[in-house]
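Chain and residue survey
Residue-level listing of the chains:
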Amino acid sequence: MGRMFFSAVWCVDCNDNVIVAGCCDGKIEFWDTLTGSLKYVHEETSHEGVTGIRIYSNRVIAVRLNGSIDFLQIVSVQSVDHLMSAHSMHRRNYQPGSESPISGFSSSLYEEEIICHLLHTSRAHQQPITVLEVEGGKAVTGSQDHTLKVFRVDDTVCLSTLHGHYGPITTLFIDKLSPMTAASGSQDGAVCLWDLQTGTCVCQLRGHDGAVTALSYTASYVLSAGIDNRLLVWERFQGHLLNTINLSQNYCNSIIMLTDNLLLTGRQGSLGIWDIRLGDPVRIVRLGHADDSVLVRQVRHVGHTIVCDYGSQLRVVRFPAIVEKID
């Protein structure tokens, strides 16, 4: 999926149909997952870099370098045929200088399958926001100011501020099966497990020598990767350290569980798959032509599809065959 002259991608998210990319110049790009074509670009006047982005239902939540959080709504288009028919009618009835049928959007944007507009923006933190997750109707942000904040997506209200770290927040997850449970990692080397309903830290895990760079989880485990090139496997209810895996070339901000035992992470020029029970690498998936100079920093998972950055490009990797062979 080539991007050629586009600005650098700082963050990505995706669903079955759309990939959204947050860029260093503040733009938000919408790409078609199947065709790889650019569908829409949302641009704000601030041009503050987008440091985190998530799709949630018909909303897009984005956080920025200046500490702000944006809530955007995707305007639904029923089908391409409906769109082109409506666009043709608009062109027949359109008079130069008149307003487009969708207030705030030009007629040229009306040709696109995806249109979004800004619902609300607020200054969530006084320092840059470094992480964002959205699940169960809540958006959680983490910042260089050492705190996390919890927002309700429906009305964009800030519900609580979470205190417990002694360094900038570096990584975060919200449990999809239990959305009132979350975990965050920090430059202080600690992992905090949170009860989002009460806003309290229920457990703190310490084992990394330096910053925690990525988190993931299963029903039984919490997994943390650190700048110390170690992956730690924790028992999630009592907080006991179960296993330590030494990683090499681990420059990724994301670790993803493909199955209950197989973990995927980014490397230099490739993706790596690990068996967390044995602590062994089981597969390397190269993304380029034997070029290990490109670092894979962002990885997102939808079904059996992985979307990741590769320099100025996005790569889409489908995993069913690979996972079946390993299992």
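The subject of this paragraph is the overall build of the protein chain. Broken down by element type, the protein chain carries 2 helices and 27 strands. Out of the 327 residues belonging to the protein chain, those deemed buried represent 50%. In the protein chain, the share of contacts with a sequence separation of at least 24, taken over all contacts with a separation of at least 6, comes to 43%. Of the roughly 15000 Å² of accessible surface on the protein chain, 48% is carried by carbon and sulfur atoms.

Moving on to the packing of aromatic side chains. Tallied over the entire structure, the rule returns 3 aromatic pairs. Aromatic side chains phenylalanine 30 and tyrosine 40 sit 5.8 Å apart centroid to centroid with 55° between the ring planes, which places their arrangement in the tilted category. Taken as a pair, phenylalanine 30 in strand E3 (residues 28-32) and tyrosine 40 in strand E4 (residues 38-42) lie far apart in primary sequence, 10 residues in all. Tyrosine 40 matches phenylalanine 30 in its accessibility class, with the two residues each being buried. Looking at arginine 236, its charged tip hangs above the ring of phenylalanine 237, at a distance of 5.8 Å from the centre.

Although it is not a glycine, serine 57 adopts a positive phi angle of roughly 55°. Counting through the fold element by element, serine 57 comes out in the loop between strand E5 (50-56) and strand E6 (59-64). Owing to a relative accessible area of 64%, serine 57 belongs among the exposed residues under this scheme.

This paragraph deals with the environment of glycine 272. The residue glycine 272 is located in strand E23 (residues 270-275) in this model. Sequence-wise, glycine 272 and isoleucine 255 are 17 residues apart; in three dimensions their C-alpha atoms are separated by 9.9 Å. With residues near it in sequence (within four places) discarded, glycine 272 still touches Leu263, Leu264, Thr265, Arg267, Arg283 and Ile284.

Residue position: isoleucine 55 is located in strand E5. Sequence separation between isoleucine 55 and asparagine 15 is 40 residues; the distance between their C-alpha atoms is 7.4 Å. Residues contacting isoleucine 55, with those up to four places away along its chain left out, are Asp13, Cys14, Asn15, Val18 and Val20.

Glancing now at the pairing of E4. Residues in a regular strand project their side chains so that they alternate between the two faces of the sheet. In this structure, E3 lies alongside E4, joined through 4 bridges in antiparallel fashion. The residue of E4 that forms the bridge with phenylalanine 30 is tyrosine 40. Two successive antiparallel strands, E3 and E4, enclose a turn made up of 5 residues, where glycine 36 displays a positive phi of approximately 75°.

A word on the pairing of E3. Among the 5 residues of E3, 5 are classified as buried, and the element is accordingly described as predominantly covered. Along E3, one buried face is formed by Ile28, Phe30 and Asp32 and the opposite face, lined by Glu29 and Trp31, is buried too. Two elements, strand E2 (residues 18-23) and E3, share 5 bridges in a ladder whose sense is antiparallel. Each bridged residue has a counterpart across the sheet, and for valine 18 the counterpart in E3 is aspartate 32. In this structure, the hairpin formed by E2 and E3 is closed by a connection of 4 residues, where glycine 26 is found at a positive phi of approximately 95°.

A few words now on the sheet that holds strand E8 (residues 115-123). Taking strand neighbours across the sheet as the criterion, the 4 strands line up as E5-E6-E7-E8 in an open arrangement whose pairing is antiparallel. With partners counted over all chains shown, the strands left at the sheet margins are E5 and E8, one partner each. When the angles between neighbouring strand axes are averaged without regard to direction, this sheet yields 20°. Pairing geometry for E6 and strand E7 (residues 68-75), over 5 bridges, is antiparallel. Its bridge partner being in E7, valine 63 is matched across the sheet by isoleucine 69.

The next thing to look at is the sheet that holds strand E14 (residues 181-186). Reading across from one edge, E13-E14-E15-E16 is the order of the 4 strands in this open sheet, with antiparallel pairing throughout. Single-partner strands in this sheet number two, and they are strand E13 (169-174) and strand E16 (200-206). Averaged over neighbouring strand pairs, the angle between their axes works out to 20° when direction is ignored. Judged from the 5 bridges that link them, E13 and E14 form a sheet pairing that is antiparallel. Paired with isoleucine 174 across the two strands is alanine 182, which belongs to E14.

Quick notes on the rules
Residues numbered from 1 in each chain as written. Predicted model: local features only at pLDDT ≥ 70, side-chain atom pairs only at ≥ 80, totals over all residues. Heavy atoms only, no water. Helix = DSSP H or I, 4+ residues; strand = E, 2+ residues; numbered from the N terminus. Buried < 20%, exposed > 50% of the residue type's maximum accessible area, 1.4 Å probe, protein only. Contact = heavy atoms within 4.5 Å. Areas by Shrake-Rupley, 256 points an atom, 1.4 Å probe, with all protein chains shown as cover. Phe/Tyr/Trp six-rings, centres within 6.5 Å; stacked < 30°, edge-to-face > 60°. Lys NZ or Arg CZ within 6 Å of the ring centre and 35° of its normal. Pairing = 2+ DSSP bridges. Axes fitted to C-alpha atoms, helices over the stretch in contact; angles between N-to-C directions.

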